[in-house]
Structure formats: C-alpha cells, structure tokens
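Residues per chain are reported as follows:
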Amino acid sequence: MLTAKQKELLLYIHERIKETGVSPSFDEMKEALDLASKSGIHRLITALEERGFLRRLPHRARALEVLKMPDSAATAAPPKGRQSFRPSVVGEGRTNAGSAGIPILGQIAAGVPIEAIQSEVGRIMPPEDMLGSGDHFALEVKGDSMIQAGILDGDVVIIKRSETADSGDIVVALVDNEEATLKRLRKRGNSVALEAANPAYETRIFGPDQVRVQGKLVAMIRRYS
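Residues numbered from 1 in each chain as written. Predicted model: local features only at pLDDT ≥ 70, side-chain atom pairs only at ≥ 80, totals over all residues. Heavy atoms only, no water.

Undergrad: Would you mind showing me how to read the packing of helix α1 (residues 4–20) against helix α3 (residues 38–50) here?
TA: The description of two helices packed together rests on the angle between their axes and the distance between the axes. Contact pair α1 / α3: the axes reach a minimum separation of 10 Å and the direction vectors enclose 85°. Classed by the angle they form, the pair α1 and α3 counts as roughly perpendicular. Along its contact with α1, which presents K5, Q6, L9 and L10, the element α3 presents I41, L44, I45, A47 and L48. Grouping the amino acids of the contact of α1 with α3 by side-chain chemistry returns 7 nonpolar, 1 polar and 1 charged. (Axes fitted to C-alpha atoms, helices over the stretch in contact; angles between N-to-C directions. Helix = DSSP H or I, 4+ residues; strand = E, 2+ residues; numbered from the N terminus. Parallel < 35°, antiparallel > 145°, perpendicular 65-115°, else oblique. Contact = heavy atoms within 4.5 Å. Nonpolar A, V, L, I, M, F, W, Y, C, P; charged D, E, K, R; others polar.)

Spelled out as structure tokens, the structure:
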C-alpha cells in the first residue's frame, strides 16, 4: 500500500517520463505536489525505492526508472494539487475492549510508512490483563523495521490512545498529517526521532510540529497458522 502522496508522486513521474522521456526535477516534483521543500520529495522517492516502485539510475542526472505501478494505477489519472486525505488511526468514539473486544483499525507500517486505514476492519478480544484502563485500538503490522523489538510482519499490536509519550516508548506516530508508522520515539532537544529496531532502516528526524503521537504500544498478539 502506498500513501496518497507516494502514489501521487509515482503517477506524476510515470506520466512525465512517458511525455518527455526524462524524469522531472526535484523542483518540478515539489511544485506538482505542492510541498514546502525538496526534502519531502526526497523522503517520498526513498520510500518508493524501498518498496520497489522506483529506481535511481547511477551516474545520470534526473534519472529515475519506474519499476512498477500500484494496482489501481490503470484507472487512475495522475493526481494534481493537494489531496484531501486526512489520516487518523484513532476514531472519535471510545475503543475500550468491553464484551465485544477492541476494533482493528487497519494496518500500520513497521518499515516505510503507509497510510493507516481509518475504518474498522475487524475486532479482537485480548486478555483483560493486557489492557488496563483507557481507550485502546488494534493495528496489523506490515514490515520488518521493528523486528529487534520482537514485532514481526503480521503481528497485531494493541495501542492505548494517547497524545503524549515518553522518550523510548514505541508509538503510533502520524508524520506531517500524511503517514502513520510504528516506531520508537526519541526526544532530542527540539527534534523528534522515530527510531527503527532494525539496522537496515535509518532513524528519521523531524521537527516537533511534524510528528503527532496517536497512541502507545501496550501489547502484541501473534497468530500462528
């Protein structure tokens, strides 16, 4: 799954290469996606590379190759302008376990960030002693960046809703109001670091206004087939 911005950029690059034979410049991509800086384009391109959609060709300026397109690309026109998508993995209502369990609200990335699905896709009934007080929701983990914290692809994480977290907590973080990811939070002065638990992934550093905590990890459930 790609975020709205990742898909928008991929479609834009694909169409520009088809039209001109050359991939667009960073400035052109920044303007097309209405982003404030080229660093945002760099993050999107890196994410698309890591997910196998793009490849940078070495020793050539402005050289990007589209390796594959998302499944829905055949019927989608290249988006223009800013998207109206406002991701939020936490609903407005209460999400206590109760007798009906707690809702699974979709997938969360442990790797390259992906959009969090906002609607309930199922329910799970964890043991009561896992939760304690407060409101909780569940997410299915996609990716391998938290494997050294014991969190694997396909695991279901139980999250306690919270807008604050201590340095060292594993959190659901919303980045730039566009991408949701599961990472360890580190506070570094006026900056916020989202730290993977896999040396293959780099720690990402953000300003304090770029990251919004959605909740803290309290438990994990693993299914065995």
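Moving on from the model shown.
Undergrad: Would you mind going over the pairing of strand β7 (residues 170–175) with me for this structure?
TA: Remember that side chains alternate between the two faces of the sheet whenever the strand is regular. Taking burial as the measure, the 6 residues of β7 include 6 buried ones, the bulk of the element. Residues of β7 alternate between two faces, with I170, V172 and L174 on one and V171, A173 and V175 on the opposite face, all of them buried. Bridge count between β7 and strand β8 (residues 179–188): 6 bridges; the pairing is antiparallel. By the bridge assignment, V172 is partnered in β8 with L182. Counting the residues in the hairpin turn of β7 and β8 gives 3 residues, including D176, whose phi is positive at 55°. Pairing of β7 with strand β11 (residues 211–221) involves 5 bridges; the strand directions are antiparallel. (Buried < 20%, exposed > 50% of the residue type's maximum accessible area, 1.4 Å probe, protein only. Pairing = 2+ DSSP bridges.)

Undergrad: Please explain α3 as it appears in this structure.
TA: Every α-helical turn comprises 3.6 residues, leaving residues that sit three or four positions apart pointing alike. With 13 residues, α3 should reach 18 Å at 1.5 Å per residue; the first-to-last C-alpha distance of 18 Å fits that figure. Taken as a whole, α3 has its buried residues at G40, I41, L44, I45, A47 and L48. Relative to the axis of α3, the buried residues are bounded by an arc of 160° and lie together on one face. On its buried face, α3 sits against α1, α2 (26–33), β1 (54–56), β2 (64–66) and β8. Downstream of α3 by a residue or two, G52 has a phi angle that is positive, lying close to 80°. (Expected span 1.5 Å × (residues − 1). Arc of directions from axis to C-beta.)

Undergrad: Could you clarify how one ought to interpret the pattern of salt bridges in this entry?
TA: Opposite charge on two side chains makes pairing possible when the charged atoms of those side chains draw close. Taken as a whole and assessed by the stated rule, the structure comprises 9 salt bridges. Taking the shortest distance from any N to any O, the salt bridge between D155 and R222 comes out at 2.8 Å. Residue D155 is found in the loop between β5 (136–142) and β6 (156–161), and its partner R222 is found in the segment after β11; the two are separated by 67 residues along the sequence. Relative accessible area serves as the criterion here: at 2%, D155 is assigned to the buried category. One salt bridge in this structure joins R186 and E195, with 3.3 Å as the shortest N-O distance. For R186, a relative accessible area of 29% translates into the label partly exposed. (Salt bridge = Lys/Arg side-chain N within 4 Å of Asp/Glu carboxyl O.)

Undergrad: Teacher, can you tell me more about the packing of α2 against α3 here?
TA: Interaxial distance between α2 and α3 falls to 9 Å at its minimum, and their mutual angle equals 95°. Considering their axes alone, α2 and α3 lie roughly perpendicular with respect to each other. Residue-level contacts link F26, D27, M29, K30 and L33 of α2 to K38, I41, H42, L44 and I45 of α3. Residues of the contact of α2 with α3, tallied by class, amount to 6 nonpolar, 1 polar and 3 charged.

Undergrad: Hey, could you run me through the pairing of strand β3 (residues 102–109) in this one?
TA: Burial runs high along β3: 8 of the 8 residues are buried. Pairing analysis gives 3 bridges linking β3 to strand β4 (residues 122–124), with the strands arranged antiparallel. Its bridge partner being in β4, I102 is matched across the sheet by I124. Relative to β5, β3 runs parallel, the two sharing 4 bridges.

Interpretation note: all reported values are geometric properties and have no functional meaning in isolation.
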